[in-house]
2 protein chains.
Amino acid sequence: MLQISKRGSAMPPSPIRKLVPFAEAAKKKGVKVFHLNIGQPDIETPKAMIDAVKNADFKVLEYSHSAGNESYRRKLVEYYHKVGIEVNHNQIIVTTGGSEAILFGFMACMDPGDEVIIPEPFYANYNGFAVSAGVVVKPITSHIEDGFALPPISAFENAITPKTRAIMVCNPNNPTGYLYSREEMEVLKELVQKHNLFLFADEAYREFCYSGDHFSAMRLEGAENNVVLMDTISKRYSACGARIGAFVTRNQELLDAAMKFAQARLSPPGLAQIAAEAAIDLPDNYFEGTKVEYKKRRDTLVGRLNAIPGVFCPNPGGAFYAIARLPIDDADKFCQWLLESFSWKNQTVMLAPATGFYGTEGLGKNEVRLAYVLNTNDINAAMDCLEKALEEYNRV
Amino acid sequence: MLQISKRGSAMPPSPIRKLVPFAEAAKKKGVKVFHLNIGQPDIETPKAMIDAVKNADFKVLEYSHSAGNESYRRKLVEYYHKVGIEVNHNQIIVTTGGSEAILFGFMACMDPGDEVIIPEPFYANYNGFAVSAGVVVKPITSHIEDGFALPPISAFENAITPKTRAIMVCNPNNPTGYLYSREEMEVLKELVQKHNLFLFADEAYREFCYSGDHFSAMRLEGAENNVVLMDTISKRYSACGARIGAFVTRNQELLDAAMKFAQARLSPPGLAQIAAEAAIDLPDNYFEGTKVEYKKRRDTLVGRLNAIPGVFCPNPGGAFYAIARLPIDDADKFCQWLLESFSWKNQTVMLAPATGFYGTEGLGKNEVRLAYVLNTNDINAAMDCLEKALEEYNRV
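These figures come from a predicted structure and were not determined experimentally. (Residues numbered from 1 in each chain as written. Chains lettered and ligands numbered in written order. Predicted model: local features only at pLDDT ≥ 70, side-chain atom pairs only at ≥ 80, totals over all residues. Heavy atoms only, no water.)

(A) Layout of the packing of aromatic side chains. According to the stated counting rule, one finds 40 aromatic pairs over all chains in the structure shown. Note on Y205 of chain B and F320 of chain B: the rings are 5.2 Å apart at their centroids and 90 degrees apart in plane angle, and the pair reads as edge-to-face. Pair noted here: Y205 of chain B is in the loop between β6 (198-202) and β7 (227-232) and F320 of chain B is in the loop between α11 (286-307) and β9 (321-325), with a separation of 115 residues, a long-range link. You'll find Y205 of chain B and F320 of chain B in the same group, each marked buried. Three or more aromatic residues joined by ring pairs form one cluster here, namely Y205, F208, Y294, F320 and Y321 of chain A. (Phe/Tyr/Trp six-rings, centres within 6.5 Å; stacked < 30°, edge-to-face > 60°. Helix = DSSP H or I, 4+ residues; strand = E, 2+ residues; numbered from the N terminus. Buried < 20%, exposed > 50% of the residue type's maximum accessible area, 1.4 Å probe, protein only.)

Shown next, in the form of structure tokens:
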């Protein structure tokens, strides 16, 4: 019989997108849905990026270099210098979104059956890249009571097996918003050095830190060969649709291997590289405005959440996500119910059940992730809905 | 010790790009290099595509649907209808180049250790996607004496094992330019039906057929569940840098699996989808001009090649490639020598050694691939160089 692959069957569906049909049905009924479920910022993409594409002068939209346009990589060196990361343009491979940078890292560092340790809850698509690469994610639980701080070193040590090849952190974290401190990063450095592991650092939200500075894994001295930065411009410049990321490492052997994956797919998107290159010349204060806005939203969201009886939400230090514990029995059921059976003043709210972000079965059942990508008025209206919804949900 | 993966080591480097440093050195010496080595067309990207991006009105460059913008997929249905392929927009997943369509197909249809049969010589990057997916390419040799026609059915039957999951054809073919006939496609249909295999059809060069019509694998009646079309706009509209392709199948189970891979990487490039959508509205005669031009180039190239003593080049029916047998000992050595040690009137030519397109070690040693992506004046000048080079090479 003609059959798809076991890998194709094992590939996880998006835990966020499975509720989409219920949101669409709600909208068809005329209910306004506040989308706190997905990290699509409403911030405008800088005009300078779009204008760069509009003003570009070319006759043939040719393949770029497989590592990305050299002019763009040289500009990226400037950007990284500004954020305290010293690399040269040959240590950067421009990728199709951060997604491809993660895939290249998984493929080039790990073989089927190998293991990568990731603190949970974690970005759900890591599971998809793991299945693609045939590697196993070993989750280490971080806890809402600790604000999702780095789990103790002993938890990592206990999880390390002969098949462990890497530790992966997202900093600041999606989905928890937790901002890892320099001290926590140094602990990870010692761990990867001691056990000869790669340290995969997803720093997609580097620019969005509200309680302290970001400390990049690329700044860990002595771990130059261990650290792989998986980067993206998606959130930095509100340019998710561009699909431009970067795979950055000082490990030459790994760079050479990743380049072969890059060559196989020929080149990253050409038009978007023009936009991305223009972004580097944005004024240095560009991020200040967005950061102020996100911080205001965070404060609004977290304040409102913790004022609801039975709700607990640690204050996230970065990114634009928060995980809240709700007085509910089942987050998946509740999030579907919000869309299917609830509305208040003809409005409802779409949240992401946290279950999809945990690797350990059964965790996150009374937690949801909220992306504060809406203005504070909408966040307040969404919180009004959530407050009413929790009252009603627990009555029925 | 910190080590990259076996997969990263096994990943093949691009056989075409390995000569690039020698071409760069030649150029530094002031030698003009005619690039017949790579399929980067010199045809201008249609202005309507570029203008569509320049005129697009949006504030936020958002993620698109993981399957690609619905508006673009609906337009693609029109395009496919015009070329005799009847599909609906839910049977199309827009991909990041044809490359990603191939990767999705390999990932969703085959597991590590599974086998795909491909007539050789074949597009070298299939090897890279095979290594990424952990699958094994089983080459079936096609021969220059037959113009690289489909190998006899017995060769396929002999290569089929319990691990065989798919047969892959590129039609018209890169690197041979061979245009498979309807009869040959029907033979493949019977084969995949008999053995419950997928039929992967790479039809990147569909528009470029000079001796007969193209018969798409998607038109094979009764094999709807077997056929997977891996498509791209790169060559069709001379938009290689856009990175827009398509994964097309009527097999619902496979579509569902491929969608999970598409969701993991979020979305295909956004700006380029705008350009691609505009391309569908190009006038119906758009391809006539390019086809006439390519046919003229092919006739020039093949005519000149066969006029050189000891050279044989079958007349390719499509695409913009030809493979020629040269009176040489070692194509890799010769192609490097052309760049390193030869010039005539301060000019030389860059060719792709055919060895990189064969899966069987030792084949193609006296063959090269030529991409006729230059105008006829340049092709003539390049052939002047090649003629002189062969005289000189065989004297030394």
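(B) The arrangement of the interface of chain A and chain B in detail. Contacts between the two partners involve 80 residues from chain A and, on the opposite side, 80 residues from chain B. Buried area between chain A and chain B, summed over both chains or domains, comes out near 6300 Å², and the portion from carbon and sulfur atoms is 57%. Taken together, the connections running from chain A to chain B amount to zero salt bridges. Across the contact surface, chain A and chain B share 45 residue pairs in polar contact (both at pLDDT 80 or more). (Contact = heavy atoms within 4.5 Å. Buried area = accessible area lost by both parts, 1.4 Å probe. Salt bridge = Lys/Arg side-chain N within 4 Å of Asp/Glu carboxyl O. Polar contact = N/O pair within 3.5 Å; in protein donor to acceptor, adjacent residues only side chain to side chain.)

(C) Region of the structure containing the UniProt feature "domain: Aminotransferase class I/classII large" (unreviewed entry) in chain A. As annotated by UniProt and renumbered to match this structure, "domain: Aminotransferase class I/classII large" (unreviewed entry) occupies residues 32-341 of chain A. Overall, residues 32-341 of chain A shows 38% helix and 15% strand. The separation of its end C-alpha atoms is 13 Å. (UniProt positions renumbered as here; feature names shortened; annotations may be inferred.)

(D) Examining the layout of surface pockets more closely. Here the largest pocket is characterised by a volume of approximately 1400 Å³. Breaking the lining of the largest pocket down by element, the ones donating at least two residues are α2 (20-28) and β1 (32-35) of chain A together with α4 (70-82), β2 (92-95), α9 (252-264) and α10 (270-279) of chain B. In terms of residues, the lining of the largest pocket owes the most to one element, α9 of chain B, which gives six residues. Class assignment for the residues of the lining of the largest pocket results in 23 nonpolar, 12 polar and 12 charged. Around the second largest pocket, the lining is made up of 33 residues, and of these H65 and S66 of chain A together with R17, V20 and E24 of chain B lie nearest the centre. For the lining of the second largest pocket, the secondary-structure elements that each account for two or more residues are α4 (70-82), β2 (92-95) and α9 (252-264) of chain A together with α2 (20-28) of chain B. (1 Å grid on protein atoms, 1.4 Å probe; cavity = no way out; pocket = protein on both sides within 12 Å on 5 of 7 lines; lining within 4 Å. Points joined across faces, edges and corners; volume = space filled by probe spheres on them. Nonpolar A, V, L, I, M, F, W, Y, C, P; charged D, E, K, R; others polar.)

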